[in-house]
Amino acid sequence: MKKTMFFALGMVAMLCGCSTNTSAPRNTIDQEEVMAKLSLEDKAHFVIGVGMAGFSGDDAVIGATKNLVPGAAGTTYPLDSLGIPAVVLADGPAGLRIDAKREGDSATYYCTHFPIGTLLASTWNTKLVEEVGQAIGEEVKEYGADVLLAPALNIMRNPLCGRNFEYYSEDPVVAGKTAAAYITGVQKNDVGTSIKHFAANNQETNRMNTDAHISQRALREIYLKGFEIAIKEAKPWTVMTSYNYINGVYTSESKDLVTTILRDEWGYEGTVMTDWFGGKDGAKQMWAGNDMLQPGKNEQFDSIVAGVRSGKLAEADLDLCVKRVLNLVERSPRYQGYKFSNKPDLKAHAAVTRQSAAEGMVLMKNGQMTTDNGQSAAPVLPFGENIKNVALYGCTSYDFIAGGTGSGNVNHAYVVSLLDGLKNGGYTVSDELKTAYEQYITEAKEAKKKAIEEMAKKDKQAAMLASFLPGSLPAEKQFTADELAAQASVADVAIITIGRISGEFLDRKSSDFNLSPSERQLVEQVCDVYHKAGKQVVVLLNIGGVIETASWKELPDAILCAWQAGQEGGNSVVDVLSGKQSPSGKFTMTWPVNFTDAYSSKNFPIDQEVKIDMMNQGQKGNVKNVDYTDYEEDIYVGYRYFDSFEVPVSYPFGFGLSYTTFEYSDAKIVQKNDIYDVTVTVKNTGKYEGKEVVELYISAPDNKTANKPTKELKAFAKTKLLKPGENETLTLSVTAPELASFDEAASAWVVAEGEYQFLIGASSQDIKATLTAPAKSFQTKANDVMKPQEQMKLLKRGS
Ligand code: BGC
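Because the structure is predicted, anything quoted here is derived from the model rather than measured.

Q: Is there a simple way to think about empty space enclosed by the protein in this case?
A: If a probe as big as a water molecule is rolled over the atoms, it shows which places are left empty. As enumerated under the stated definition, the model contains four cavities of 30 Å³ or more in all. Each pocket or cavity is described by its volume, and for the largest cavity that value is around 180 Å³. Looking at the largest cavity, it is lined by 21 residues, and the ones nearest its centre are M156, R157, N158, P159 and E170. Broken down by class, the residue content of the lining of the largest cavity amounts to eleven nonpolar, eight polar and two charged. The volume enclosed by the second largest cavity comes to roughly 50 Å³. A200, N201, N202, Q203, R207, T210, D211, A212, N244, T629 and Y631 together form the lining of the second largest cavity. Here the lining of the second largest cavity is composed, by residue class, of three nonpolar, six polar and two charged.

Right under this line is the structure:
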């Protein structure tokens with residue numbers, strides 16, 4: 001790669017050119033003047049990142065930019081002599097990911113680890129998600145970054161996708177609305193976001209070279225819809241294309257995706273960047289409208305320069321990309337001369353993460369235990385006055401998992417374990433168990449550390465990768481029946497935490513979905529012994545993705561899905577267990593009985609061992625579900641499948657209990673022009689305060705005959721905190737165009753004429769009221785692009 005002449009002039013000139021406070025006039029870039037001064041090589045440099053040390057780029061440029069914010073994922077390319085600074089791009093969804101410590105500096109740069117995306121979506125509270133986004137954005141700005149590489153909203157197509165924890169839902173409306181709220185919150189700080197991974201990054205196995213074969217209809221209705229909603233509503237500064245191919249074309253090389261759909265149809269005006277080392281052909285990526293290639297490879301630089309010289313790439317296309325990157329730089333805090341403090345309000349943000357995490361936890365069961373002498377105890381949650389001593393089982397109770405691994409991780413200062421959360425909440429925790437577990441966990445961690453050190457002696461890169469990957473959690477510690485009986489005799493209740501960790505590069509294995517033998521044994525034995533002693537058992541799930549529950553959910557008295565709840569996790573859980581906060585989260589995905597029940601499991605890389613290709617050096621092969629995946633379930637993803645084909649589930653989409661109960665009444669629909677306003681009154685009929693999520697599904701008149709799902713979510717709302725006896729009337733609106741399905745033959749969104757059902761539900765399988773209203777037929781034309789190149793046996797209703 002050629003060294004740019006601009007770089008030599010240093011960073012100083014650039015920094016002096018900027019004003020230093022936000023009230024100063026906005027700095028603008030004179031694009032025509034800049035463009036006139038750029039050579040072809042300068043332009044090619046500018047549209048790719050600075051590279052990555054040891055992999056690509058120019059060491060001098062990397063050296064000069066890497067310390068802008070150490071640990072950030074990358075920067076744009078600086079053009080110093082023109083006063084165009086490198087702006088800083090940093091992950092990620094659960095909080096800013098930068099290095100917490102810097103060489104020769106005693107200060108620390110910890111960031112708040114907020115709850116994972118799945119938990120945020122499970123709140124169904126867009127106002128709250130916006131507040132979390134705003135807090136994350138403040139850390140981005142005050143630590144001197146310019147663009148946050150988040151949110152991540154790929155559809156949860158299959159329960160085993162390794163990055164589902166970063167994602168929001170199997171449903172595009174939930175995903176899109178949650179992402180829009182997050183983006184709005186972050187960008188309130190005048191920093192940018194990068195909605196990712198556009199699109200269909202639904203598996204991690206061979207992620208850089210896998211080809212997602214998807215019908216045009218499923219693309220439009222499922223895989224692009226969430227992006228469309230979020231991008232139109234919240235205007236993210238940037239969009240990050242995904243690693244994979246769709247129907248034979250890399251997303252970052254697809255003009256159909258990046259220009260025709262994103263810009264021409266949706267009106268997107270921001271900047272598009274690749275995922276790290278995503279795509280291959282630099283010239284083609286420029287032609288497609290993928291403005292910036294991160295962190296940039298030497299071959300991409302060469303391909304752009306050669307492309308323009310040979311006429312394969314029009315210089316005007318390259319110029320457009322350059323200008324869009326200039327737009328990004330112009331609006332960045334760095335270009336605007338913002339003087340960041342390196343002192344975000346971490347204390348305030350700890351309170352934000354604690355409260356938001358509690359709101360996204362899902363109460364799955366809160367049963368009444370019948371004791372051996374036939375007496376029925378009250379539901380175990382919330383803990384009453386009688387519960388003071390807690391026996392805590394499961395390794396993760398003592399070593400709580402704040403979030404997933406990889407770029408979705410955050411360098412946090414601490415994680416409140418369940419043990420500490422209980423102590424903070426005034427509970428007494430068995431010291432005997434604490435000592436036994438802590439020793440067990442320390443030994444397991446030491447063994448893992450040693451194994452990586454050994455590996456590093458033989459293969460440095462493999463060791464680096466291993467420390468980045470989730471790794472496996474230790475097997476659960478076992479106890480004899482006598483030990484358990486002794487523990488039960490002094491405890492008021494038992495809690496067992498089941499933990500899971502996953503992260504990018506790898507999909508989860510089927511063994512990760514199912515309980516391990518040691519987990520099953522622990523659950524069975526603790527429930528057995530404690531029930532015999534007349535004591536109740538709570539199972540807590542500290543997980544990032546769906547696990548198997550059908551075979552054991554009858555055993556404990558209560559189950560709470562705490563997700564991976566960020567750095568205040570233990571405190572948030574105890575806020576829920578103690579009743580300080582009533583749980584009001586609901587599932588944004590279906591919990592199947594077996595993961596193979598999801599139709600997508602027929603076409604998913606289950607338990608496939610594939611070598612990780614970090615630098616995108618591999619080529620497209622021909623192994624089913626590794627090199628290509630046929631999305632044969634078509635639009636029948638998640639509840640759209642389970643409900644339409646009447647396949648039993650363990651927990652349905654939209655499900656979640658509360659400590660209190662709610663009654664729905666006065667459901668009405670008012671249709672004015674193109675808008676259907678559905679109102680419903682929700683009353684708290686129980687003994688505790690609580691919030692209720694209300695879901696609005698539609699069922700099209702021709703759903704049986706025209707191959708449409710029985711129901712599709714179109715809107716949702718959440719009540720305020722209702723006191724016992726209090727009620728609130730919620731309004732949920734749907735527009736007529738939102739009733740449309742995508743018709744491939746007409747290449748259009750088509751609303752079928754007839755009576756639509758509007759289903760008001762507490763979950764997808766708990767419909768409280770059904771209303772009807774008519775719609776007239778109409779069409780909105782779309783471009784006939786991104787067609788699959790192969791024939792697929794698509795699932796259809798009636799087939
Ligand atoms: C991930 C992205 C992330 C990027 C930069 C990639 O491996 O897929 O989500 O933003 O790295 O860290």
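Q: Honestly, the layout of surface pockets in this entry has me stumped. Any pointers?
A: Taken as a whole, the second largest pocket spans an internal volume of roughly 750 Å³. Sorting the residues of the lining of the second largest pocket by element identifies α7 (172-187), α8 (216-223), α9 (225-234), β24 (712-718), β25 (727-735) and β30 (778-781) as the ones contributing at least two each. For the lining of the second largest pocket, the element with the highest residue contribution is β24, accounting for six residues.

Q: What is the right way to look at the sheet that holds β24 in this model?
A: Sheet strands line up and pair through hydrogen bonds in the backbone, either parallel or antiparallel. Spatial strand order, β24-β23-β28-β29: four strands in an open sheet with antiparallel pairing. The sheet is open, and its two borders are formed by β24 and β29 (766-775), each paired with just one other strand. With direction set aside, neighbouring strand axes in the sheet form an average angle of 25 degrees. Relative to β24, strand β23 (residues 693-699) is paired through six bridges, and the arrangement is antiparallel. Paired with L696 across the two strands is A715, which belongs to β24.

Q: Would you explain the packing of helix α17 (residues 431-458) against helix α18 (residues 460-468) in this entry?
A: The description of two packed helices rests on the angle between their axes and on the distance between the axes. Look at α17 against α18: their axes get within 6 Å of each other, and the N-to-C directions meet at 150 degrees. In terms of axis orientation, α17 runs roughly antiparallel to α18. Between α17 and α18, the residues in contact are I452, M455, A456 and K458 and K460, A462, A463, A466 and S467, respectively.

Q: Honestly, the packing of aromatic side chains in this entry has me stumped. Any pointers?
A: Here the distance between the centres and the angle between the planes together describe a pair of aromatic rings. In total, this model carries 29 aromatic pairs according to the counting rule given. Both rings, one in Y599 and one in Y641, keep their centres 5.4 Å apart while their planes meet at 55 degrees; by these two values the pair is tilted. With Y599 in the loop between β18 (591-592) and β19 (628-630) and Y641 in helix α23 (residues 639-644), this pair connects stretches of sequence that are 42 residues apart. Neither Y599 nor Y641 differs from the other in exposure class; each is buried. Here the aromatic cluster, defined as three or more aromatic residues joined through ring pairs, consists of W124, Y639, F653, Y697 and F716. The ring of W749 has K225 sitting right over it, with the charged end atom 4.4 Å from the ring centre. Positioned over the ring face of Y245 is K620, at 4.8 Å from the centre of the ring.

Q: Is there a simple way to explain the environment of I669 in this structure?
A: As for its position among the elements, I669 is in strand β21 (residues 662-672). For the pair formed by I669 and T428, sequence separation is 241 residues and the distance between their alpha carbons is 52 Å. Excluding residues that lie within four positions of it along the chain, I669 makes contacts with Y676, D677, V678, F758, L771, T772 and A773.

Q: Could you clarify how one ought to interpret the nonpolar core in this entry?
A: Side chains of a nonpolar character, in soluble globular proteins, are inclined to be buried together. With 80 residues, the main nonpolar core has L96, Y182, I195, F198, I214 and Y223 as its most contacted residues. Top contributing element to this core by residue count: α7, with nine residues. If near-sequence neighbours (up to four positions away) are discounted, L96 is found in contact with A90, D91, C111, I136, E139, V140, Y143, A145, L148 and V410. Core analysis: the second largest hydrophobic core is formed by 78 residues, C395, L522, V526 and I559 among them.

Q: What's the story with the pattern of salt bridges in this structure? I'm lost.
A: In a structure, side chains of opposite charge can pair up when their charged atoms sit close to one another. Scanning all chains against the criterion turns up 46 salt bridges. K312 is paired through a salt bridge with D281; the nearest N and O atoms lie 3.2 Å apart. Highlighted residues: K312 in the loop between α12 (298-310) and α13 (315-331) and D281 in the loop between β11 (271-273) and α11 (282-288), separated in sequence by 31 residues. For K312, a relative accessible area of 54% corresponds to the exposed category. Where E359 meets K691, a salt bridge forms, and the shortest distance between an N and an O atom there is 2.8 Å.

Q: Explain the sheet that holds strand β26 (residues 741-743) here, please?
A: Sheet architecture is open: three strands sit in the order β26-β27-β30, paired in antiparallel fashion. The two strands at the open ends of the sheet, each matched to only one other strand, are β26 and β30. The mean inter-strand angle of the sheet, taken between neighbouring strand axes irrespective of direction, is 35 degrees. Relative to β30, strand β27 (residues 748-751) runs antiparallel, the two being bridged by four bridges. Looking across to β30, one finds that A748 is bridged to K781. With respect to the sheet, α8 is in contact with β26 and β27, its orientation differing from that of β26 by roughly 160 degrees.

Q: How do you make sense of unusual backbone geometry when you look at a structure like this?
A: The residue after A150, namely P151, is reached through a cis peptide bond having omega 5 degrees. For P151, the position within the fold is in the loop between β5 (147-148) and α7. Between F198 and the following residue, A199, the backbone shows a cis peptide bond with an omega angle of 5 degrees. Mapped onto the fold, A199 is located in the loop between β6 (192-198) and β7 (211-213). A positive phi angle, close to 85 degrees, is found at F505, a residue other than glycine. Within the secondary structure, F505 is located in the loop between β15 (493-499) and α20 (510-513). A positive phi angle, near 55 degrees, is found at D634, a position not held by glycine. Locating D634 in the fold gives a position in the loop between β19 and α23.

Q: Is there a simple way to explain the site of the ligand in this structure?
A: Taken together, 14 residues are adjacent to the ligand, and D91, R163, H197, D275 and E504 come closest. Within the side chain of R163, a nitrogen or oxygen atom sits 2.7 Å from an oxygen atom of the ligand. Burial of the ligand by the surrounding chains reaches 94%, relative to a free accessible area of 310 Å². Partitioned by chemical class, the residues of the shell around the ligand number five nonpolar, two polar and seven charged.

Cut-offs applied
Residues numbered from 1 in each chain as written. Predicted model: local features only at pLDDT ≥ 70, side-chain atom pairs only at ≥ 80, totals over all residues. Heavy atoms only, no water. 1 Å grid on protein atoms, 1.4 Å probe; cavity = no way out; pocket = protein on both sides within 12 Å on 5 of 7 lines; lining within 4 Å. Points joined across faces, edges and corners; volume = space filled by probe spheres on them. Nonpolar A, V, L, I, M, F, W, Y, C, P; charged D, E, K, R; others polar. Helix = DSSP H or I, 4+ residues; strand = E, 2+ residues; numbered from the N terminus. Pairing = 2+ DSSP bridges. Axes fitted to C-alpha atoms, helices over the stretch in contact; angles between N-to-C directions. Parallel < 35°, antiparallel > 145°, perpendicular 65-115°, else oblique. Contact = heavy atoms within 4.5 Å. Phe/Tyr/Trp six-rings, centres within 6.5 Å; stacked < 30°, edge-to-face > 60°. Buried < 20%, exposed > 50% of the residue type's maximum accessible area, 1.4 Å probe, protein only. Lys NZ or Arg CZ within 6 Å of the ring centre and 35° of its normal. Core = buried A, V, L, I, M, F, W, Y, C linked by side-chain atoms within 4.5 Å. Salt bridge = Lys/Arg side-chain N within 4 Å of Asp/Glu carboxyl O. Near = heavy atom within 4 Å. Polar contact = N/O pair within 3.5 Å; in protein donor to acceptor, adjacent residues only side chain to side chain. Areas by Shrake-Rupley, 256 points an atom, 1.4 Å probe, with all protein chains shown as cover.

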